[in-house]
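Here is what each chain is made of, one letter per residue.
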Amino acid sequence: MKNKAVFISSILVTIFCCQGLADITLCDNGRTSYKIVLSENADISTAAAAVDFAAILKEMTGAVFPVVYDFYPAAEANEIILGIDNKHIKDHNLIKADMSFGEYQIIISGNSIIIAGGPERGLINGIYGFCRDYLDCRWLTPGCQYIPSKPTVKLPEIRDCKKPAFRYRSADSIMQWDANWTVRNRLNESKAASCGERPSAVMLLHNDTRTATMANSWNPHAFQSIPEAVYKGNELWRAEIEGSRKYIGNPAQRAFCLSNKEFNKWVAQWTLRQLRQKPNMPFISITHTDIGISCDCKDCLKAYKKIGISGLNIQFANNVAKTVAVEFPDVSIITFAYNHTFAPPGIKAHPSVRAVWAPIGADYAYAINEGEVNIKDNYLGQLRQWCANTKQLGIWYYQYSHFAMLPRPCLFATQKSLQKFKELGVDQVFIEMFFNPCWKKTFNTDTDKNIIAYPCFSDYYTRQTDAGSMFIPYGLEHLRGYIYSELLWDTDISVNKSIEDFCRIYYGPSHREIFEYVMLTEDLASYEEKSDFRKYDGLHIAVGSAPIPNKSYLLKCSELFDAAMSKTKNDPVFRKRVELARISIDFAILLFVNDEPDLRKKASERFFRTLDEIEPAFNTVIPRNGDFNLEDIKNNFLKNGL
Ligand SMILES: [Zn+2]
């Protein structure tokens, strides 16, 4: 009997010990004994992220988690230890020493939670990765930063190590100007202008110290910034077109003579001067303008024959890189693989040259390596050749649409493209998103509690005008921004699961209907088979375009939205979100369904009521100052969109 009791108690001790090892209590009924201990060497952005971490934990649990530096001796209290060099780490053997860019580890050892990160914001990624993966936080939109309420938090044993799919990750979702959204979703390029004026939205983003260590490479057409006097005063630097090096008034339409040695030297010195002003920039751009014209002088033509137009462009970038690398060996010189320079070059790039491959001619109904158009035009093969000729390669992936209000498939094709890019070793991806949505002229927004709106610029490329208006992410632009931020971190996530997460939190009681709407929108069978590519049948979507949705899809979506509106009728926030999502479908019904008068009448009433609320001003789809004429819009769509 006695022996049996000892046996039972030893089992209990064993169970107790195992539980003690496996589970720790971070917070118990709104009280915690944990402190956040930050390495004193932490940079300004990491320190700010640590404070944000405490704020997230406070909102989640109600408890205050003090943030202290590690030069205070380790107390008996429990600790969340931040930083690979933190003095409170007792056993450094637990942590992998050679973490790569952005990589992090989360380890629970004894009662301590250790979050350690590699170079370039690795620890920041770890902090927000911990919040996402172990505390179920989701940063869906600026107005919907989801932190679950959990007065008690127990954690299992954790040995976690993660790294981003790409070293540099950015998407210019309409939500990017919100620091919480951008930082917490672990994007690491701020995509503000490198030079020139700083409008208020850029300043707002940059004034958040969590963004201070982000890379910043925004200057998409650097040749547009060559000073007027330089362009005017050097005739021989201008491109020769049809026998003349004539002066072009519009900087966006200027081309240059890349074989001109003096021009090569001047651009190198110009680049150096800019870097001396901002020595911390990891990139600097010497990209050509958007005009797609190259110089036809004798010397340039000779070079094209030998190494191609893109080869001469790379040779030019190499010349600049050679000069710049002497003083700034770690800075990347950004050049384009775009438009007339898209074909793989005949020469290798200098190690400091970073080519940005921009497949603007691809079919975006499919991944870059799928679909008849992309396969026949050998996009994947061309990308492989670029990768073979460059040490650094970024990708400018297009997801903008001139018809952003209309439904279009994109999420699953984008995932497959990103998986391919990762497989090829591409280390930077930028996803270009919004174009010509409507905007709100006044700032009386409550972000997306009722009306979703974010700051924008009237001059998208230069960003030299102020953010005097607000974009409204109707349709699914906000969901796309969120899914892309997830995919840029991990190309292999379950997109279905991420859409589900979004719908559950953002659309509440109507999440099933909206999820189904998103999945139908992703299905190519929901559209008419009208190709944007002349030589091809079937459904193929050019950049900036949108397919024509078919009637059965629109009827099904209408039913789903009826159900979604009924389920959200008692909650004004969820209800408004559903109404804003619905305007895409109502708009498509007004454009494309002519034989359902009742459906059209209701769609029209809802559509215009919502539009009145969001003060629309559509560039392409709806004339900014003109009358709202659906027939004009439809003709415009049919003319420009297909
Ligand atoms: Zn030339």
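Positions within a chain are numbered from 1, following the residues in the order the chain's sequence is written. At least 70 in pLDDT is required for a residue's local features to be given in this predicted model, at least 80 for side-chain atom pairs to be given and counted, and no such filter applies to totals for whole chains, interfaces and linings, which use all residues. Calculated side-chain values reflect all of the structure's heavy atoms, with hydrogen atoms and water omitted.

A. Layout of the overall build of the protein. When its secondary structure is counted, the protein shows 18 helices and 19 strands. Taking as baseline every contact in the protein between residues at least 6 positions apart, the subset at least 24 positions apart corresponds to 71%. Of the accessible surface of the protein, which amounts to about 26900 Å², a share of 52% is contributed by carbon and sulfur atoms. Helix and strand labels come from DSSP, where a helix needs a run of H or I of at least four residues and a strand needs a run of E of at least two; each type is numbered from the N terminus. Contact criterion: two residues are considered in contact whenever any of their non-hydrogen atoms come within 4.5 Å of each other. Note on areas: Shrake-Rupley, 1.4 Å probe, and residue coverage restricted to the protein chains presented here.

B. Here's a closer look at the side chain of Arg408. Mapped onto the secondary structure, Arg408 falls in the loop between strand S15 (392-398) and helix H11 (411-423). Each residue gets one of three labels from its accessible area relative to the maximum for its type: buried under 20%, exposed over 50%, partly exposed in between, using a 1.4 Å probe on protein chains only. The class for Arg408 is buried, based on a relative accessible area of 5%. If we skip the residues at most four places from it in the chain, Arg408 touches Gln399, Tyr400, Ser401, Glu477, Arg480, Thr521, Glu522, Tyr527, Ser545 and Pro547.

C. Just the pairing of strand S5 (residues 104-109), in detail. For S5, the tally of buried residues reaches five of six residues, placing the bulk of the element in the interior. Pairing between two strands requires that DSSP report at least two bridges joining them. Across six bridges, S5 lies against strand S6 (residues 112-117) in antiparallel orientation. From the neighbouring strand, Gln105 faces S6, where its bridge partner is Ala116. Counted along the chain from S5 to the antiparallel partner S6, the turn is two residues long, and its residue Gly110 has a positive phi close to 60°. Of the strand pairs in this sheet, S5 and strand S10 (residues 159-162) are connected by four bridges, and their pairing is antiparallel. Bridging from a neighbouring strand, Ile106 pairs with Asp160 of S10.

D. Molecular detail of the packing of aromatic side chains. Paired rings are identified among Phe, Tyr and Trp, the last through its six-membered ring, by centres lying within 6.5 Å, and are further divided according to the angle between planes into stacked (under 30 degrees), edge-to-face (over 60) and tilted (the rest). According to the stated counting rule, one finds 35 aromatic pairs in the structure shown. The interplanar angle of 55° and the centroid separation of 5.6 Å between the aromatic rings of Trp237 and Phe263 together place this pair among those described as tilted. With Trp237 in the loop between helix H6 (228-233) and helix H7 (261-277) and Phe263 in helix H7, this residue pair connects regions lying 26 residues apart in the sequence. Comparing Trp237 with Phe263, the two get one shared label, buried. Between Phe342 and Tyr379 the ring centres are 5.9 Å apart and the planes differ by 55°, which places this aromatic pair in the tilted class. Highlighted residues: Phe342 in the loop between strand S13 (332-337) and strand S14 (353-357) and Tyr379 in helix H10 (residues 379-389), separated in sequence by 37 residues. Across this residue pair, the class does not change: Phe342 and Tyr379 are buried. Here the aromatic cluster, defined as three or more aromatic residues joined through ring pairs, consists of Phe336, Tyr338, Phe342, Trp357, Tyr364, Tyr379, Trp396, Tyr397, Tyr398, Tyr400, Phe421 and Phe430.

E. Here's a closer look at the confidence of the model for the protein. Predicted confidence across the protein gives a mean pLDDT of 88, with 84% of residues reaching 70 or more. Known as pLDDT, the predictor's per-residue confidence is scaled from 0 to 100. In this model residues 616-628 is a low-confidence stretch, pLDDT under 50, and it forms 31 contacts with partners more than four residues away in sequence or in other chains.

F. View of the sheet that holds S13. Taken together, six strands build an open sheet; the order of strands is S11-S16-S15-S14-S13-S12 and the sheet is parallel. Two strands lie at the open edges of the sheet, namely strand S11 (168-171) and strand S12 (283-285), each paired on one side alone. Direction aside, neighbouring strands of the sheet carry axes that sit 25° apart on average. Pairing analysis gives four bridges linking S14 to S15, with the strands arranged parallel. Think of each axis as a best-fit line through the C-alpha atoms, taken over the contacting stretch in the case of a helix, with angles from 0 to 180 degrees between the N-to-C directions.

G. Examining H7 more closely. With 17 residues, H7 extends 25 Å between its outermost C-alpha atoms, agreeing within 8% with the 24 Å of an ideal straight helix rising 1.5 Å per residue. Turning to H7, its buried residues are Phe263, Asn264, Trp266, Val267, Ala268, Trp270, Thr271, Leu272, Gln274 and Leu275. Elements that come into contact with the buried residues of H7 comprise H6, S12, helix H8 (298-327) and S13. In the analysis that follows, any N or O atom pair within 3.5 Å is treated as a polar contact, provided that within protein one partner can donate a hydrogen and the other can accept it, and provided that, for residues neighboring in sequence, both atoms belong to side chains. Where H7 begins, one side-chain oxygen reaches toward the backbone nitrogen of Glu262, 2.9 Å away; that side chain belongs to Asn260. The span one expects for a helix is its residue count, reduced by one, times 1.5 Å.

H. Looking closely at the environment of Phe256. Along the polypeptide, Phe256 turns up in the loop between H6 and H7. Look at Phe256 and you get buried, because its relative accessible area is 5%. Placed 39 residues apart in sequence, Phe256 and Cys295 show a C-alpha to C-alpha distance of 6.4 Å. Filtering out sequence-adjacent residues up to four positions away, Phe256 remains in contact with Phe223, Ile226, Tyr231, Trp237, Arg238, Ala239, Phe263 and Cys295.

I. Main features of the environment of Ser552. Looking at the secondary structure, you find Ser552 in helix H15 (residues 551-567). Sequence separation between Ser552 and Ala525 is 27 residues; the distance between their C-alpha atoms is 10.0 Å. Polar side-chain contacts of Ser552 include one of 3.4 Å to the side chain of Asn550.

J. A look at the environment of Leu82. Along the chain, Leu82 turns up in strand S4 (residues 78-82). Put simply, Leu82 and Ala50 are 32 residues apart on the chain and 8.1 Å apart in space, counted from C-alpha to C-alpha. When residues no more than four places from it in sequence are discounted, the contact partners of Leu82 are Ile36, Val37, Leu38, Ser39, Ala50, Phe53, Ile115, Leu123 and Ile127.

K. Geometry of the packing of helix H2 (residues 44-61) against helix H3 (residues 122-133). Across the interface, H2 lies against H3 with an axial gap of 9 Å and an inter-helix angle of 15°. The pairing of H2 with H3 is recorded here as roughly parallel in orientation. At the point where H2 passes H3, the crossing takes the left-handed sense. Every residue of H3 that contacts H2 at Ser45, Thr46, Ala49, Ala50, Asp52, Phe53 and Ile56 is listed here: Leu123, Ile124, Ile127, Tyr128, Phe130 and Cys131. Here is the rule for angles: anything less than 35 degrees is roughly parallel, anything more than 145 is roughly antiparallel, 65 through 115 is roughly perpendicular, and the remaining ranges are oblique. By definition, any crossing whose near helix is turned counterclockwise from its far helix by less than a right angle is left-handed, and any crossing with a clockwise turn is right-handed.

L. Spatial organisation of the pattern of salt bridges. One speaks of a salt bridge when a side-chain nitrogen belonging to Lys or Arg is within 4 Å of a carboxyl oxygen belonging to Asp or Glu. Across all of its chains, the model carries 35 salt bridges by this definition. In this structure, a network of salt bridges that share partners links the residues Arg132, Asp133, Asp160, Lys162 and Glu486.

M. Molecular detail of the sheet that holds strand S3 (residues 67-69). Reading across from one edge, S3-S2-S4-S6-S5-S10 is the order of the six strands in this open sheet, with mixed pairing throughout. A strand with exactly one partner marks an edge of an open sheet, and here the two such strands are S3 and S10. Here the strands of the sheet are splayed against their neighbours by 20° on average, with no regard to which way each runs. The pairing of S4 with S6 spans three bridges and is parallel. Directly across from Ile81, in S6, lies its bridge partner Ile114. Of the strands in this sheet, strand S2 (34-38), S3, S4 and S6 touch H2, which is tilted by about 170° from S2.

N. How the structure looks around a nonpolar patch on the surface. Only residues whose relative accessible area exceeds 30% and that take part in no salt bridge are eligible for patches, with like-charged residues grouped when within 9 Å of each other and nonpolar side chains (Val, Leu, Ile, Met, Phe, Trp, Tyr) grouped when within 5 Å. Taken together, the side chains of Tyr69, Phe71 and Tyr72 present a nonpolar region at the surface, about 320 Å² in accessible area. Following the sequence through the fold, Phe71 ends up in the loop between S3 and S4.

O. Examining the coordination of the zinc ion more closely. Distances decide who is a donor: an N, O or S atom must be within 2.8 Å of the metal, or within 3.2 Å for Na, K and Ca. Water is not included, so sites may look incomplete. Only Cys257 (SG), Cys295 (SG), Cys297 (SG) and Cys300 (SG) from the protein coordinate the zinc ion, and they sit 2.3 Å from it. Around the zinc ion, the four donor atoms sit at angles spanning 106 to 113°, and that spread fits a shape best called tetrahedral. Between the donor residues of the zinc ion, the gaps in sequence give the motif C-x37-C-x1-C-x2-C. You can see Cys257 sitting in the loop between H6 and H7 and its partner Cys295 sitting in the loop between S12 and H8, a full 38 residues away along the chain. Here Cys257 and Cys295 have matching classes, each one buried. Every geometry call rests on angle ranges, with four donors termed tetrahedral when all angles are between 85 and 135 degrees, four termed square planar and six termed octahedral when opposite donors are over 155 degrees apart and all others are between 65 and 115, and everything else termed irregular.

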